[in-house]
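Reading the structure
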Amino acid sequence: MALPAQKQTATEALLSSLHLPEAGCTRAAREAALARLREMGVPGRRDEYWKYTQPDSLITPDAPRAATFEAGEPMMFDAVDRLKIVFVDGVFDPEASDPLELEGVQIERIEDICCKDIHWAKDLYGVLEARGHTPVPRPLAALNTAFAADGVAIHVTGTPSKPISLIYQHASETSDAILHHVIRVESGAVVTVLENGPAASRFNKCMEIDIADGGTLHHVRAQGRDHERRAVTHMFTRLGEGSVYKSFTLTVNGVLTRNEQVVELTGDDAVAHVAGACVGDGDFLHDDTVFITHDAVGCESRQVFKKVLRNGATGVFQGKILVKPGAQKTDGYQISQSLLLDDDSQFLAKPELEIYADDVACSHGSTSGAIDETALFYLRSRGVPLKEATDLLTLAFLAEAVDEVEDKSLAEDIVSRLEGWLARRS
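All of these numbers come straight from a predicted model, not from anything done at the bench.

Attention shifts here to the packing of aromatic side chains. The final tally for this structure, using the stated rule, is 4 aromatic pairs. Between the aromatic rings of Phe87 and Phe92, the centroid separation amounts to 5.9 Å while the plane-to-plane angle is 65°, which identifies the pairing as edge-to-face. Considered together, Phe87 and Phe92 belong to a single accessibility category, that of buried residues. Taking the centre distance of 5.2 Å and the plane angle of 40° together, the rings of Phe305 and Phe317 count as tilted. In this pair, Phe305 is assigned in strand S16 (residues 300-310) and Phe317 in strand S17 (residues 314-323), connecting sequence segments 12 residues apart. Among the residues examined, Phe305 registers a relative accessible area of 4% and is labelled buried. An aromatic cluster is built from Phe87, Phe92, Tyr168 and Phe203, whose rings are joined through pairwise contacts.

Evaluation of the coordinates by the stated rule reveals 29 salt bridges. Between Arg109 and Asp150 there is a salt bridge; the shortest N-O distance is 2.9 Å. In this pair, Arg109 is assigned in strand S4 (residues 105-109) and Asp150 in the loop between helix H6 (139-147) and strand S5 (152-156), connecting sequence segments 41 residues apart. Comparing Arg109 with Asp150 shows no difference in burial state: the two are buried. Across the pair Asp359 and Lys329 runs a salt bridge, and its minimum N-O distance is 2.8 Å.

Here we come to helix H1 (residues 5-15). Those residues of H1 not exposed but buried are Lys7, Thr11, Leu14 and Leu15. With its buried residues spanning 95° around the axis, H1 presents them on a single face. Opposite the buried face of H1, at more than 90 degrees from it, the exposed residues are Ala5, Gln6 and Thr9. Elements in contact with the buried residues of H1: helix H2 (27-40), helix H3 (56-59) and H6.

With that settled, the discussion passes to unusual backbone geometry. Put simply, Thr134 and Pro135 share a cis peptide bond, and its omega is 5°. Among the structural elements, Pro135 can be located in the loop between helix H5 (127-131) and H6. Of note in this structure, Asp269 is not a glycine but carries a positive phi near 65°. Residue placement: Asp269 occurs in the loop between strand S13 (256-265) and strand S14 (271-281). Notably, Asn311 is not glycine yet its phi reads approximately 55°, a positive angle. With respect to the helices, strands and loops of the structure, Asn311 is situated in the loop between S16 and S17.

So, on to H6. Across the 9 residues that make up H6, a large majority, 9, are buried. Here H6 has its buried residues at Pro139, Leu140, Ala141, Ala142, Leu143, Asn144, Thr145, Ala146 and Phe147.

Turning our eyes to something else, we now look at the nonpolar core. Among the nonpolar cores identified, the biggest contains 48 residues, and Ile85, Leu217 and Tyr245 are the most heavily contacted of them. Ignoring any residue separated from it by four or fewer positions in sequence, one finds Ile85 in contact with Phe92, Ser97, Leu100, Ile107, Val152, Ile164, Ser165, Leu166 and Ile167. Membership of the second largest hydrophobic core comes to 34 residues, among which are Leu58, Ile110, Leu256 and Val316.

All right, on to the sheet that holds strand S19 (residues 346-355) then. With mixed pairing, the 10 strands of this open sheet are ordered in space as S3-S4-S5-S7-S9-S11-S13-S15-S17-S19. At either margin of the open sheet sits one strand with a lone partner, and together these are strand S3 (101-102) and S19. Note that S3 and S4 share 2 bridges and pair antiparallel. Across the sheet, residue Leu102 finds its bridge partner in S4, namely Val105.

Let us look at the UniProt feature "domain: SUF system FeS cluster assembly SufBD core" (unreviewed entry) in the chain. This chain's UniProt record puts "domain: SUF system FeS cluster assembly SufBD core" (unreviewed entry) on residues 175-397. Regarding residues 175-397, the helix share stands at 9% and the strand share at 61%, and the terminal C-alpha atoms are separated by 35 Å.

With that out of the way, let us pick up the layout of surface pockets. Considered as a void within the structure, the largest pocket measures approximately 330 Å³ in volume. Residue lining of the largest pocket: 13 residues in total, with Gln6, Lys7, Pro43, Gly44 and Arg45 positioned closest to the centre. For the lining of the largest pocket, the secondary structure elements donating two or more residues are H1 and H3. Examining the composition of the lining of the largest pocket, we find that 3 residues originate from one element, H1, more than from any other. Looking at the lining of the largest pocket residue by residue, the class counts come to 5 nonpolar, 3 polar and 5 charged.

Reading guide: rules and limits
As a convention, each chain's residues are numbered from 1 in the sequence order in which they are written. With the structure being a predicted model, the display of local features is reserved for residues of pLDDT at least 70 and the display and counting of side-chain atom pairs for 80 or more, all residues being used for whole-chain, interface and lining totals. Side-chain descriptors were evaluated using all non-hydrogen atoms of the structure, hydrogens and water having been removed beforehand. Pairing of aromatic rings covers Phe, Tyr and the six-membered ring of Trp, with a centre-to-centre limit of 6.5 Å; geometry is then stacked below 30 degrees between planes, edge-to-face above 60, and tilted otherwise. Here the term buried applies to any residue with accessible area under 20% of the maximum for its type, exposed to any over 50%, and partly exposed to those in between, with areas from a 1.4 Å probe on protein chains only. Only runs of H or I of at least four residues qualify as helices and only runs of E of at least two qualify as strands under DSSP, and these elements are numbered from the N terminus. Between Lys or Arg on one side and Asp or Glu on the other, a salt bridge is scored when a side-chain nitrogen of the former is within 4 Å of a carboxyl oxygen of the latter. Directions pointing from the helix axis toward each C-beta atom define the arc. Contacts: residue pairs with any heavy atoms within 4.5 Å of one another. Take the buried Ala, Val, Leu, Ile, Met, Phe, Trp, Tyr and Cys residues and link them wherever side-chain atoms come within 4.5 Å; each set so joined is a nonpolar core. In this analysis, strands are considered paired if DSSP registers two or more bridges between them. UniProt positions are given in the numbering used here, feature names are shortened, and annotations may be inferred rather than shown by experiment. Every definition here rests on a 1 Å grid over the protein atoms only: cavities are sets of points where a 1.4 Å probe fits but cannot get out, pockets are open sets enclosed by protein on both sides within 12 Å along at least five of seven lines, and lining residues have some atom within 4 Å of a point. Grid points are joined across faces, edges and corners, and a volume is the space filled by probe spheres set on the points. Under this grouping Gly is polar, as are all residues other than the nonpolar Ala, Val, Leu, Ile, Met, Phe, Trp, Tyr, Cys and Pro and the charged Asp, Glu, Lys and Arg.

Okay, structure coming up:
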């Protein structure tokens, strides 16, 4: 089926500004992704899963300008002992990074594995992204697979002694970064992956995660600091039997952020938790789009998303749980809530359940509202000043999402950043 003329024109305009990197063992995956992109076309507001979010600034040939963040508050996770892998405007910075050496894990740059005809990442690069287009097209993920010039391949065979930290620094006001990471967690291995930093004026990141039977991956991400940045991210995760995947994202600031999570539970008794806490102010749009597929017996999934919005900010949540035939004993839970601190902000939600098995426990809910006046009165009546009372209730509202972070020191860092955001508000 031919693309509409407007979408065809926009797609070709974007592609004319890009060039496929030297491919090596990823060449076939890149060419297939480019073919998928040409077939789908770039996203537009008439696409079902883009009707709440205007994608224009994500698909222009040139990235919109974005001022860089001036030094002030320390970067997230600075107090954590971690292996640091630094990218500046989407380019690996070996001087700022630690040596890519850690027990129980092998780390290589995507650029380096492209020179090898045989590599484990060849069987993963672009594979989960390609699977993730069914039933919903994700053209900006295909764009990433085709054109990403940098990123890392992480092969976890044991339990590293410290987290692997991907740090994204923004130095140029016109930078346009495309990064692609692949992670393979072997049976019985346990790893924590951290991500933080604004990355670029415009950032397109894709991460493909394959967790073998009995493997565990904890993912904690912080998106913040630069207010004018634009970002679209995709995480594609496949879970084997008895495996665990837990992902949490904190988002503060940014003109436009769209985070997509596509999770497949393909092995019995797998567990997937995806959570996010977002605080936005003014010219701010934050979109969480999540698709979790249960395709095995006895699996558990959680989606917990909380957004605090003020001064005309917009929050979007699109979350789906799909339970395939035979996926009995499924336990699926989804909650999306917003706290609107004024009458100008808005929250747009589209929760979905699609179930083809009869022995399941699935639920979803979505709410939007202001500060609880009864709770506020209770605190005020006991001498708590209005601003402090409001901040306490706001943190309590976000707590369910933050509680999904298992490492308490990381959770405390996240809460301190939320407290800082509240302290700065007028």
